[in-house]
Amino acid sequence: MSTIASVPMLDLKRQFSAIGDEMNAALRAVNESGMFILGPEVKKLEENIARYSHAKYAVGCASGSDALLLALMAARVGAGDEVIVPSFTFFATASCVPRVGATPIFADIDPVTFNLDPQKVAEKLTEKTRAIIVVHLFGQACDMEAFQALARDYETKYGRKLYVIEDSCQAIGAEFKGVQVGAWGDASCLSFYPTKNLGGAGDGGMVVTNNEEMAQRVTLLRGHGMSPRYYHKEIGVNSRLDSYQAAVLNVKLNYLEQWTQAREANAARYERLFTEAGLKDQIVTPQKVGERRHVWNQYVIRVKNGKRDALRAHFAEKKIGSDIYYPLGLHQQECFAYLGYKPNDLPETLLAANEVLALPIFPELTAEEQAYLVETAREFLK
Ligand SMILES: *Cc1c(COP(=O)(O)O)cnc(C)c1O
């Protein structure tokens, strides 16, 4: 008999009870310093994240959404340009595109990884394509070699650069062929939203790059295009990272590897539990595919036979948290109706949106809680 009464989707209080003293001390030091915007803590975080990502530069900004916007602005993507993006992702991957005056072109996903399918992207390249935004969704890296090859072929064929921008907001620490996300594309965008694997005490983001010009342009554009003070070279935005966030993130970064390993162990345990429960005919568990490191920001199953919503309601009755990332492809969103997509234009996206269910995977989740969740699923589906 299980003694578990509920399982949260995410419980940051458990993390705080482990490292709260360190976080409070870091915040106190910021208060005493009187420096609240950018400053030494942000510089230290930029250096730490660049080192962690094996990239040359990292530039802090106000959110992951702004990191994507700044990367496009820095690449001078604008009116008349097309940017290929997945439809099965968080809204910010695509909303940055019309913000710079360009047109988002939605491409379908690979059903196993949920990531953009390079073949589907290839079919959408035109003489107007200026960038591809690949998303390492749920924490699993994309096939970056395939996207690099697309960009190289494009440059040969059309004689101009095709930017590859990585949306790594869910994937800090993920790897493809032993190389971290962020080191592959022209720019990689991170989010420090509290539910991400490295989350702050509020909003925050960063652009990671090996390209010096990209780093300089993002630095200029995040501060109103101002250089020197009160002289504006370009129209930028106000998107600075504050010292509070950087101070908390500098503390948490020391634990990130340990937390990622706990997420990996939780994913392996779910795989064993769902197999032992005999549920693999009704539930498709997420798989890490060859030569990648999956950092499991989300553990997303597919529930077959149209039972996803019923299972989710049953979980809710038993006080087990779950969530749907994402219930609707971006190509079906009201705000993108002007682009004229029909639901079935992207059949894998449509199917995923109807089947996916994200389960708790946070590092402090216990083996007992996982067993209770899988047993609850078994009772319901059998
Ligand atoms: C969280 C997230 C973002 C946006 O990050 P914010 O910091 O919330 O602005 C962008 N893309 C993906 C895939 C995300 O998961």
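Residues numbered from 1 in each chain as written. Predicted model: local features only at pLDDT ≥ 70, side-chain atom pairs only at ≥ 80, totals over all residues. Heavy atoms only, no water.

### As for the overall build of the protein chain
Of regular secondary structure, the protein chain possesses 12 helices and 13 strands. Compactness check: the protein chain gives a C-alpha radius of gyration of 21 Å against a globular reference of 21 Å for 382 residues, within 12% of the reference. Each principal axis of the C-alpha atoms in the protein chain carries an extent, and together these give about 70 × 55 × 35 Å. For the protein chain, long-range pairs separated by at least 24 residues make up 72% of all intrachain contacts whose partners lie at least 6 apart in sequence. For the protein chain, the accessible surface area stands at approximately 16,300 Å², while carbon and sulfur atoms represent 52% of it. (Helix = DSSP H or I, 4+ residues; strand = E, 2+ residues; numbered from the N terminus. Rg over C-alpha atoms; globule rule 2.2 N^0.38 Å. Contact = heavy atoms within 4.5 Å. Areas by Shrake-Rupley, 256 points an atom, 1.4 Å probe, with all protein chains shown as cover.)

### So, unusual backbone geometry
The amide bond that connects S227 to the next residue, P228, takes the cis arrangement and shows omega of -10°. Across the junction of Y325 and Y326, the peptide omega takes the value 10°, indicating a cis bond. Within the secondary structure layout, Y326 lies in the loop between α10 (308-317) and α11 (347-355). Not every positive phi belongs to a glycine, and K177 is a case in point at roughly 50°. Mapped onto the elements, K177 comes out in the loop between β6 (175-176) and β7 (179-180).

### Brief notes about the packing of helix α3 (residues 64-74) against helix α4 (residues 92-99)
For the pair α3 and α4, interaxial distance at closest approach is 9 Å and the crossing angle is 40°. Here α4 runs oblique to α3, going by the angle between their axes. The handedness of the crossing between α3 and α4 comes out as right-handed. The segment α3 lies against α4, with S65, L68, L69 and L72 engaging A92, T93, C96, V97 and R99. (Axes fitted to C-alpha atoms, helices over the stretch in contact; angles between N-to-C directions. Parallel < 35°, antiparallel > 145°, perpendicular 65-115°, else oblique. Left-handed = near helix turned anticlockwise from the far one by under 90°.)

### Section: the site of the ligand
Close to the ligand lie 15 residues; S65, D167, Q170, S191 and K196 are nearest. A distance of 2.6 Å separates an oxygen atom of the ligand from a polar atom in the side chain of S191. Listed by contribution, the elements that provide at least two residues to the shell around the ligand are α3 and α4. If one sorts the elements of the shell around the ligand by residue count, α3 sits on top with three residues. (Near = heavy atom within 4 Å. Polar contact = N/O pair within 3.5 Å; in protein donor to acceptor, adjacent residues only side chain to side chain.)

### Some words on the sheet that holds strand β11 (residues 292-293)
Strand order across the open sheet formed by three strands is β7-β6-β11, with antiparallel pairing between neighbours. Of all the strands in the sheet, just β7 and β11 have a single pairing partner and so form its edges. Relative to β11, β6 runs antiparallel, the two being bridged by two bridges. By the bridge assignment for β11, E175 is matched with R293. (Pairing = 2+ DSSP bridges.)

### What about the pairing of strand β4 (residues 129-135)?
Burial runs high along β4: seven of the seven residues are buried. As paired strands, strand β2 (residues 82-86) and β4 are joined by three bridges and run parallel to one another. Paired with I84 across the bridge in β4 is I132. Both β4 and strand β5 (residues 163-167) contribute to a ladder of five bridges, which runs parallel. Bridged to A131 within β5 is Y163. (Buried < 20%, exposed > 50% of the residue type's maximum accessible area, 1.4 Å probe, protein only.)

### Some thoughts on the environment of E82
Tracing the backbone through its elements, the reader meets E82 in strand β2. Counting along the chain gives 20 residues from E82 to A102, while the straight-line C-alpha distance between them is 5.8 Å. With residues near it in sequence (within four places) discarded, E82 still touches T103, I105, T126, K128, T129, R130 and A131. A polar side-chain atom of E82 sits 2.9 Å from a polar atom in the side chain of T126.

### Section: helix α12 (residues 367-381)
Between the first and last C-alpha of α12 there are 21 Å, a value that for 15 residues agrees with the 21 Å anticipated at 1.5 Å per step. Where the residues of α12 are buried, they touch α1 (12-33), α9 (256-276), β10 (283-284), α10 and β13 (356-359). (Expected span 1.5 Å × (residues − 1).)

### Some thoughts on the pattern of salt bridges
Tallied over the full model, the rule gives 20 salt bridges. Between E264 and R293 there is a salt bridge, and its shortest N-O distance comes to 3.0 Å. Of this pair, E264 sits in helix α9 while R293 sits in strand β11, placing them 29 residues apart in sequence. Here the residues in one salt-bridge network are D11, K13, R14 and E369, joined through shared partners. (Salt bridge = Lys/Arg side-chain N within 4 Å of Asp/Glu carboxyl O.)

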